[in-house]
Amino acid sequence: MAELSVIKRLPEIIRNCERTFDDILKKPYVERFTYEEVIMPNDEEKVPVNEFYQGDNLLAMERLLKNGYRGKIDLIYIDPPFMTKSNQEGKIVIKDGEKDYAIEQVAYEDNWDEGIVSYLNMLCPRLYLMRELLSEKGTLYVHLDYRTVHYVKILLDCIFGVENFLNEIIWAYKSGGVSNRYYSRKHDTILVYTKTKDYIFNPQKEKSYNRDFKPYRFKGVEEYQDELGWYTLVNLKDVWQIDMVGRTSKERVGYATQKPEKLLERIILTSSNEDSIVADFFAGSGTTGVVAERLNRRWIMSDSGDLSSITVYKRIMDNPLKAYRSFKEKGKIRNGGKLLVKDAKIDDDVLNIQLNRYMINIDHLNIKEKYKLKIEELIHNNSLALIDFIGLDLDYDGQVPLISKKIVRTDNKTIDSFIAIKGIFKEGQKIFVRYVDVFGKGNFDIYQIANGRMILCQEY
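To start, this report covers the structure provided alongside it. Since the model is a prediction, treat every value here as computed from it, not as a measurement.

Reading the values: the criteria
- Residues numbered from 1 in each chain as written.
- Predicted model: local features only at pLDDT ≥ 70, side-chain atom pairs only at ≥ 80, totals over all residues.
- Heavy atoms only, no water.
- Helix = DSSP H or I, 4+ residues; strand = E, 2+ residues; numbered from the N terminus.
- Rg over C-alpha atoms; globule rule 2.2 N^0.38 Å.
- Buried < 20%, exposed > 50% of the residue type's maximum accessible area, 1.4 Å probe, protein only.
- Contact = heavy atoms within 4.5 Å.
- Areas by Shrake-Rupley, 256 points an atom, 1.4 Å probe, with all protein chains shown as cover.
- Lys, Arg positive; Asp, Glu negative; His and termini not counted.
- Charge placed at Lys NZ, Arg CZ, Asp CG, Glu CD.
- Pairing = 2+ DSSP bridges.
- Polar contact = N/O pair within 3.5 Å; in protein donor to acceptor, adjacent residues only side chain to side chain.
- Salt bridge = Lys/Arg side-chain N within 4 Å of Asp/Glu carboxyl O.
- Core = buried A, V, L, I, M, F, W, Y, C linked by side-chain atoms within 4.5 Å.
- Expected span 1.5 Å × (residues − 1).
- Axes fitted to C-alpha atoms, helices over the stretch in contact; angles between N-to-C directions.
- Parallel < 35°, antiparallel > 145°, perpendicular 65-115°, else oblique.
- Left-handed = near helix turned anticlockwise from the far one by under 90°.

## A look at the overall build of the protein
In terms of helices and strands, the protein carries eight helices and 24 strands. Relative to the globule expectation of 23 Å for 460 residues, the C-alpha radius of gyration of the protein, 24 Å, shows essentially globular dimensions. A principal-axis box enclosing the C-alpha atoms of the protein has dimensions of 80 × 60 × 45 Å. Taken over 460 residues, the protein has a buried fraction of 50%. Put simply, of all contacts in the protein between residues at least 6 apart along the chain, 71% involve residues at least 24 apart. Here the protein displays about 22,700 Å² of accessible surface, and carbon together with sulfur accounts for 48% of that area. Each charge class in the protein can be summarised by its mean position, and for the 69 positive and 70 negative side chains these summaries are 3 Å apart.

Structure (structure tokens):
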């Protein structure tokens, strides 16, 4: 009877989220994202066109609505939690030159006090906000699996209208694990809804192999051949066979629920144009932004997780095209440890920084006890190996930091304790130093040039 009780509560869930939505629209906006920085691919590209919000996506969407984005987004793709009733983890690999450390951290918790009711109460008001953000030609893709898709479809029918349901896409894939008790679960479901009937749809093509892989030679039908045999090109069907991001994939970033770029490429090419804004409010590993950037779309992403934030930072910075703004909700701004500088002096327009160590309270980390022992060993042997990213604004004006110089840890190399930065440095000049550790927790310090050295300020 548990399923029946959920069905009975659906009207209540929808009424509650309608009230939440109405309250958001009516109440005066209070800024909750109290930290902003601009990440620049180079010194020239200073005008940000993309945005990432670290914090509650409900607050991020409210901010967007109150700041002119209502009806401006052509495509929203979301990959929310699947109600797995477990924690989803990300794998961090640290190579400090002598020893390899593999650490798993909770990327996000997927447990719900009241089960499906709690889950739907979370998702429903967010779907209302997404509808408001979508343009008149916009489309929403909601990525789910067997656990919740049937309930969420009912919500979407109510919010968007049954007449605006476009497709149910089946993403089929190969993965490990089989069962002797049920059919092996090897697909996800993506529900597609449009805002109106005047939506963007650019049909994409796929291969359709001929019977027995032999040529048909039909008049007027163009045929092609590859290593498998003969095929024609047809418009995409609603069942997509795309490989998952496997253990050996070059795309793999160690985030538990990372989605393949090919999947997002199909969605973005079909339901947006080059002048479109594409959004993802459960950004995870940031695949949506990475693909949108490559396809010359503007993007907006948000996620509350620390691990998501640093993963997005690093993926976007791998091949940056345009500057983007990064916003952090209060409480996410300075939740990391302390990076200590041993010395920093200027020689011939080169700022030579010698890092000392990184101090972190491991009791604040959301990791298992067995990994804390590894962290303690790292802190003792080489605490700087825990730093994932250092960004600098070399001429900080006290307003929004413009991060143009970036030092990034890779899986094969930790950040060096000696950093040399070429630039123009003058007496009194301020330098903003932002740093994030491998757990996605960040902090910043402000320095000032005095007597040829970089001195820590105490004014913030």
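So, next bit.
## Considerations on the pairing of strand 21 (residues 418–422)
On strand 21, burial follows the alternation: Ile419 and Ile421 on one face are buried, whereas Phe418, Ala420 and Lys422 on the facing-out side are not. The pairing of strand 17 (residues 350–359) with strand 21 spans five bridges and is antiparallel. In the sheet register, Ile353 faces strand 21, and the bridge partner there is Ile419.

## Details of the side chain of Asn57
Relative to the elements of secondary structure, Asn57 occurs in helix 2 (residues 57–66). In this structure Asn57 comes out as buried when scored by relative accessible area, which is 7%. For Asn57, the side chain forms a polar contact with the main-chain oxygen of Phe281, separated by 2.9 Å. If sequence neighbours within four positions are ignored, Asn57 has contacts with Arg126, Phe281, Phe282 and Ser302.

## Concerning the sheet that holds strand 10 (residues 224–225)
Two orientations exist for strands paired in a sheet by backbone hydrogen bonds: parallel and antiparallel. Strand order in this open sheet of three strands is 9-11-10, and the pairing throughout is antiparallel. What marks the edges here is a single partner per strand, and that holds for strand 9 (205–209) and strand 10. With two bridges joining them, strand 10 and strand 11 (residues 230–235) adopt antiparallel strand pairing. Bridging across to strand 11, Tyr224 finds its partner in Tyr231.

## Here's the deal with the environment of Ile24
Secondary-structure assignment places Ile24 in helix 1 (residues 2–26). Spatially, the C-alpha atom of Ile24 lies 7.0 Å from that of Glu62, the residues being 38 residues apart in sequence. Those residues in contact with Ile24 that lie beyond four places of it in its chain are Leu58, Glu62, Lys66 and Leu129.

## Some points on the pattern of salt bridges
Applying the stated criterion to the full structure yields 26 salt bridges. A salt bridge links Glu36 to Arg325, with the nearest nitrogen and oxygen atoms 2.4 Å apart. Taken together, the residues Glu36 in strand 1 (residues 35–39) and Arg325 in strand 15 (residues 324–328) connect sequence positions 289 residues apart. Here Arg325 falls in the partly exposed class, since its relative accessible area comes to 28%. Between Lys66 and Glu62 there is a salt bridge, with the nearest N and O atoms lying 3.9 Å from each other. Within this pair, Lys66 and its partner Glu62 are both found in helix 2, separated by four residues, close to a single helical turn. A residue is classified by how much of its surface remains accessible, and Lys66, at 31% relative accessible area, is partly exposed.

## Considering the nonpolar core
The biggest cluster of nonpolar side chains holds 79 residues, and the ones touching the most others in it are Ile94, Ile353, Leu386, Ile390, Ile431 and Phe439. Among the elements that take part in this core, helix 7 (residues 306–318) stands out by supplying six residues, more than any other. In this structure, Ile73, Cys124, Val152 and Phe160 belong to the second largest nonpolar core, which totals 51 residues.

## Overview of helix 4 (residues 149–160)
Residues spaced three or four apart along an α-helix face the same direction, because each turn holds 3.6 residues. A rise of 1.5 Å per residue sets the reference length of helix 4, with its 12 residues, at 16 Å; its end C-alpha atoms lie 16 Å apart and thus fit the reference within 8%. Along helix 4, the residues classified as buried are Val149, Tyr151, Val152, Leu155, Leu156, Asp157, Ile159 and Phe160. Where helix 4 terminates, the next one or two residues include Gly161, which has phi positive at roughly 95°.

## Notes on the sheet that holds strand 15
Here 11 strands make up an open sheet; going across it, the order is 12-7-8-6-3-13-14-2-15-1-19 and the pairing mixed. Each end of this open sheet is capped by a strand with a single partner; those strands are strand 12 (239–241) and strand 19 (402–403). Where strand 7 (residues 165–172) meets strand 8 (residues 187–194), seven bridges bridge the pair, whose relative direction is antiparallel. Following the sheet pairing, Asn167 is matched in strand 8 by Val192. Contacting strand 2 (50–54), strand 3 (73–78), strand 13 (277–280) and strand 14 (298–303), helix 6 (residues 287–294) runs over the sheet at an angle of about 170° to strand 14.

## Concerning helix 7
Taking 1.5 Å as the rise per residue, helix 7 with 13 residues should run 18 Å; its terminal C-alpha atoms sit 19 Å apart, in good agreement. Taken across its 13 residues, helix 7 has 12 buried, putting it largely inside the fold. Taken as a whole, helix 7 has its buried residues at Asp306, Leu307, Ser308, Ser309, Ile310, Thr311, Val312, Tyr313, Lys314, Arg315, Ile316 and Met317.

## Things to note about the packing of helix 2 against helix 3 (residues 116–133)
Two measures define how a pair of helices packs: the angle their axes make with one another and the distance between the axes. Between helix 2 and helix 3, the least distance of the axes is 10 Å, while the angle of their chain directions is 25°. Overall, the two elements helix 2 and helix 3 adopt an arrangement that is roughly parallel. Where helix 2 crosses over helix 3, the two elements pack in a sense that is left-handed. Listed contacts from helix 3 to Asn57, Leu58, Met61, Leu64 and Leu65 of helix 2 are Pro125, Arg126, Leu129, Met130, Glu132 and Leu133.

## Some details on the packing of helix 5 (residues 261–271) against helix 6
Across the interface, helix 5 lies against helix 6 with an axial gap of 9 Å and an inter-helix angle of 60°. Judged on the interaxial angle alone, helix 6 and helix 5 are oblique. Pair helix 5 / helix 6 crosses with right-handed handedness. Counting all contacts with helix 5, which are made through Glu261, Leu264, Glu265 and Ile268, the residues of helix 6 involved are Thr287, Thr288, Val290, Val291, Ala292 and Arg294.

Geometric descriptors of this kind do not, in isolation, establish any biological role.
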